[in-house]
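Summary of structural features
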Amino acid sequence: MENNLFFYNTLTRKVERFIPNEDGKVAMYTCGPTVYHYAHIGNLRSYIMEDLLEKTLRYLGYDVKRVMNITDVGHLSSDADTGEDKMLKGARREHKTVMEIARFYTDAFFDDCGKLNIKKPDVVEPATNCISEFIHVIESLLEKGYAYESGGNIYFDTSRLKDYYVLSNQSEKELLVGVREDVEEDGNKRNQSDFVLWFTRSKFDDQELKWDSPWGTGYPGWHIECSCISMKYLGEYMDIHCGGVDNIFPHHTNEIAQSEAYIGHKWCNYWFHINHLNDKAGKMSKSSGEFLTVSLLKAKGYAPLAYRLFCLQSHYRKPLDFSYEVLDNVGAAYDKLVKKIGSLEKEGEIDREQFHLYKEKFQSALCDDLNSAMALTVLYDMLKSGMSDATKYALAESFDQVLSLDLTTAHALKETERKVDDEMERYILDRIEERKKAKKERDFATADAIRAELLEKGIMLEDTREGVKWKSVK
Ligand code: AMP
Ligand code: ZN
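Residues numbered from 1 in each chain as written. Chains lettered and ligands numbered in written order. Predicted model: local features only at pLDDT ≥ 70, side-chain atom pairs only at ≥ 80, totals over all residues. Heavy atoms only, no water.

A word on the site of ligand 1
Counted only if it meets this: Consider each residue's heavy atoms; a residue with any of them within 4 Å of a molecule or strand counts as near. N or O atoms within 3.5 Å of each other form a polar contact, as long as, within protein, one can give a hydrogen and the other can take it, and as long as residues adjacent in sequence are counted only when both atoms are side-chain atoms. We get accessible surface area from the Shrake-Rupley algorithm with a probe of 1.4 Å; when it comes to residues, only the shown protein chains can shield them.
Among the 18 residues in the neighbourhood of ligand 1, the closest are listed as G42, S46, D246, L277 and M284. Contact between ligand 1 and L277: a nitrogen atom at 2.9 Å from a main-chain N or O atom of the residue. In this structure, a nitrogen atom belonging to ligand 1 sits 3.0 Å away from a main-chain N or O atom of M284. When ligand 1 sits alone it has 500 Å² of accessible area, and the protein chains cover 95% of it.

The following block contains the structure:
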């Protein structure tokens, strides 16, 4: 398949043409959330931009298989195997078990993704489902001499590699080595850059989740999760691996080290990283500054899709500063945009030539290192142009396969929602939750009864890839 898609590859430090291993197919992996708390809108910036990449690939005609892990074990508060276990911290905070916390925040994560029209990956796999796979890979690394046992834990021996810091340039490398020398290190390690594959001597004696292993009862390190889960579903050759820039080191660096040591050849060709969303205190995080979630934005009156538009307006490789003032402006621009599209007369003849011309322009913008701001400019130019309403409407519908801003439906929805008061909205959302639960328990009779009851009240439910949506059909 011919294409002109270019994007920045952290591995080669260049904007490169994308060529998948298998013609027409893309094997894509995304580091999923650590489910000890809600995702903040910084995390969600990364997932919005990864969604944009996936949808661009699909728009260009690729058959994409995307896999995501759910980190429900092994992630310590410092990515470098030190500090407190994040899941345990969440469980203590809420007086719940780790698995209760994991289930609750996994559901909350996908609810937020639904509100932002982020497509759920084809495969979502919690780390705790794959313990035997982790043990198998660690055993093989020990056999091959890439890992060693020390003080009860299993470590990866980074000195066995020609170049461990493959994702960093020379000056970054020097900096990383320097930082590592300053840190008080785990005395069991042979080299300061070695990392844990399996913990048995946990600092946390009350660690809830532990499994038997050939090296004693314990639990996996965070990095091994992503290597094993991606290989389980995508095999030994991967096209694109994504994450936020904070994942480059040590997480992705360690993933490459252990995966390539295990399979004995190059693993993933393209590494796609999204820069951070910052607040006044710097990189937005769950532990500092205002903890900004989609629900909080909604409660303050912002449409979640206005936040998606805010993200799409800036380039994924640039840091993005969050402020309510800017979001106010973007929210107003979003309302205006969907109102304009909502007022288009959609019936009528489509000018095929104009349609293809603008579709080309839109694709070219995306193919130019995923220039989403330029793709939005093409949308605005198209709406300003003199072509027929029907052509504009068809183009907006087409562009929305990638932008996912509900361009053609948001205005009508807003109008009907206005007819439904707050109390009714809460009732509808509760009923949707109950229906979801019934479906999960395979109680389809209850699920159908809820749908019928809401329809009776003039509310129609629609199951979409991004979750359940509702509209008033009174
Ligand atoms: P976590 O739940 O901490 O494992 O992070 C989930 C994803 O969000 C990872 O891909 C991180 O790299 C990314 N991430 C974390 N903080 C930010 C931020 N402030 N802006 C953008 N992405 C972030
Ligand atoms: Zn990962």
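Thoughts on the pattern of salt bridges
This is how it is decided: Salt bridges, as used here, are contacts in which a Lys or Arg side-chain nitrogen is within 4 Å of a carboxyl oxygen on Asp or Glu. The numbering of helices and of strands both runs from the N terminus, where a helix is a DSSP run of H or I of at least 4 residues and a strand a run of E of at least 2. Each residue is placed in one exposure class: buried if its accessible area under a 1.4 Å probe, protein chains only, is under 20% of its type's maximum, exposed if it is over 50%, and partly exposed if it falls in between.
Under the criterion given, the structure shown has 26 salt bridges. The partner of K55 in a salt bridge is D51, with the nearest N and O atoms 2.9 Å apart. Taken together, the positions of K55 and D51, both in helix α1 (residues 41-59) and four residues apart, correspond to about one turn of that helix. The pair formed by K55 and D51 is uniform in burial state, with each residue classed as buried. The closest approach of N and O atoms between R431 and E434, which form a salt bridge, is 2.4 Å. With a gap of three residues between them, R431 and E434 both fall in helix α15 (residues 422-440), about one helical turn apart. Here the salt bridges share partners, and the residues they tie into one network are E50, E54, R58, R66, K119 and D122.

Quick notes on unusual backbone geometry
For the bond from F249 to P250, the omega torsion is 0°, close enough to zero to count as cis. Mapping P250 onto the fold places it in helix α7 (residues 248-263). Positive phi is not limited to glycine here, since H95 has a value of about 50°. Mapped onto the secondary structure, H95 falls in the loop between α2 (86-94) and α3 (98-115). With a relative accessible area of 74%, H95 lands in the exposed category. The residue L370 is not glycine, and still its phi comes out positive at about 55°. Classification of L370 as buried rests on a relative accessible area of 0%.

A closer look at the state of the cysteines
Our working definition: By convention in this document, the label disulfide applies to cysteine sulfur atom pairs within 2.5 Å.
With the rule as written, the count across this model stands at zero disulfides. C130 takes part in no disulfide bond, and the closest cysteine sulfur to it belongs to C228, at a distance of 7.8 Å.

Some details on the pairing of strand β7 (residues 123-126)
Note the cut-off: Strand pairing follows a simple DSSP-based rule, namely that at least 2 bridges must link the two strands.
Here β7 shows a clear split, with V123 and E125 buried on one side and none of V124 and P126 buried on the other. In terms of strand pairing, strand β4 (residues 63-70) meets β7 through four bridges, oriented parallel. The residue of β7 that forms the bridge with M68 is V124.

Let's talk about the side chain of R45
What counts here: In this charge count, Lys and Arg are treated as positive and Asp and Glu as negative; neither His nor the chain ends contribute. In this analysis, two residues are considered to be in contact whenever any of their non-hydrogen atoms come within 4.5 Å of each other.
Among the structural elements, R45 can be located in helix α1. Nearest to the buried, unbridged R45 among oppositely charged side chains is D321, at 8.4 Å. Reaching out from R45, the side chain makes a polar contact with the backbone oxygen of H315 at a distance of 2.9 Å. Setting aside chain neighbours within four positions, we find R45 in contact with I274, N275, H276, L277, Y307, C311, S314, H315, Y316, K318, P319 and L320.

Considerations on the nonpolar core
Across soluble globular proteins, nonpolar side chains have a tendency to be buried as a group. As a reminder, the rule being used: In plain words, nonpolar cores are sets of buried Ala, Val, Leu, Ile, Met, Phe, Trp, Tyr and Cys residues tied together by side-chain atoms within 4.5 Å.
With 87 residues, the main nonpolar core has L57, I240, Y307 and F399 as its most contacted residues. Of all the elements, α1 adds the most residues to this core, at nine residues. In contact with L57, other than residues within four places in its own chain, are L5, F18, V26, M28, Y62, V64 and I240. Listed in part, the 50 residues of the second largest apolar core include I138, I154, Y219 and F249.

Things to note about the packing of helix α11 (residues 352-367) against helix α12 (residues 372-384)
Basically, it comes down to this: Orientation is described by lines fitted to C-alpha atoms, with helices fitted over the stretch in contact, and by angles between N-to-C directions that extend from 0 to 180 degrees. Should an angle fall under 35 degrees it is taken as roughly parallel, and over 145 as roughly antiparallel, whereas 65 to 115 is taken as roughly perpendicular and any remaining angle as oblique. Throughout, a crossing is termed right-handed when the near helix is turned clockwise from the far one, and left-handed when it is turned anticlockwise from it by less than a right angle. Under the grouping applied here, Gly and all other residues not named as nonpolar or charged are polar, the nonpolar ones being Ala, Val, Leu, Ile, Met, Phe, Trp, Tyr, Cys and Pro and the charged ones Asp, Glu, Lys and Arg.
Between α11 and α12, the shortest axis-to-axis distance is 8 Å and the interhelical angle comes to 160°. One way to sum up the angle between α11 and α12 is to call them roughly antiparallel. Taken as a pair, α11 and α12 cross one another with a handedness that is right-handed. Contacts between α11 and α12 pair Y358, K361, F362, A365 and L366 from the former with M374, A375, V378, D381 and M382 from the latter. For the contact of α11 with α12, the residue count by class is eight nonpolar, no polar and two charged.

Focus: the packing of aromatic side chains
We apply this condition: For Phe, Tyr and Trp, where Trp contributes only its six-membered ring, two rings pair if their centres lie within 6.5 Å, and the inter-plane angle classes them as stacked under 30 degrees, edge-to-face over 60, or tilted in between. Note on geometry: a ring has a charge over it if NZ (lysine) or CZ (arginine) is within 6 Å of the ring centre and within 35 degrees of the ring normal.
Taken as a whole, this structure holds 26 aromatic pairs when the rule is applied. Aromatic pair Y307 and F310: ring centres 5.8 Å apart, planes at 35°, arrangement tilted. Highlighted residues: Y307 and F310, both in helix α9 (residues 304-312), separated by three residues, approximately one helical turn. Its guanidinium or amino end placed over the ring of Y59, K359 lies 4.9 Å from that ring's centre, counting from NZ or CZ.

Remarks on the packing of α9 against helix α10 (residues 324-342)
At a closest axis distance of 9 Å, the pairing of α9 and α10 adopts a crossing angle of 105°. Classified by the angle between their axes, α9 and α10 sit roughly perpendicular to one another. Along the contact surface, α9 presents L305, A306, Y307, L309 and F310, while α10 presents V326, L327, V330, G331 and Y334. Across the contact of α9 with α10, the residue classes break down as nine nonpolar, one polar and no charged.

With respect to the environment of A91
Along the chain, the position of A91 falls in helix α2. The buried category is assigned to A91, whose relative accessible area is 4%. Along the chain, A91 and R45 lie 46 residues apart, while their C-alpha atoms are 26 Å from each other. Beyond its immediate stretch of four places on either side in the chain, A91 contacts K96, T97, V98, I101 and E208.

Quick word on the coordination of the zinc ion (ligand 2)
Our working definition: Metal-coordinating donors are taken as N, O and S atoms lying within 2.8 Å of the metal, or within 3.2 Å when the metal is Na, K or Ca; because water is left out, some sites can appear incomplete.
Donor atoms from the polypeptide that bind the zinc ion (ligand 2) are C31 (SG), C226 (SG) and H251 (NE2), placed at 2.0 to 2.1 Å. The motif formed by the donor residues of the zinc ion (ligand 2), counted along the single chain, is C-x194-C-x24-H. With C31 in the loop between β3 (25-30) and α1 and C226 in helix α6 (residues 222-234), this pair connects stretches of sequence that are 195 residues apart. Assessed through its relative accessible area of 0%, C226 is described here as buried.

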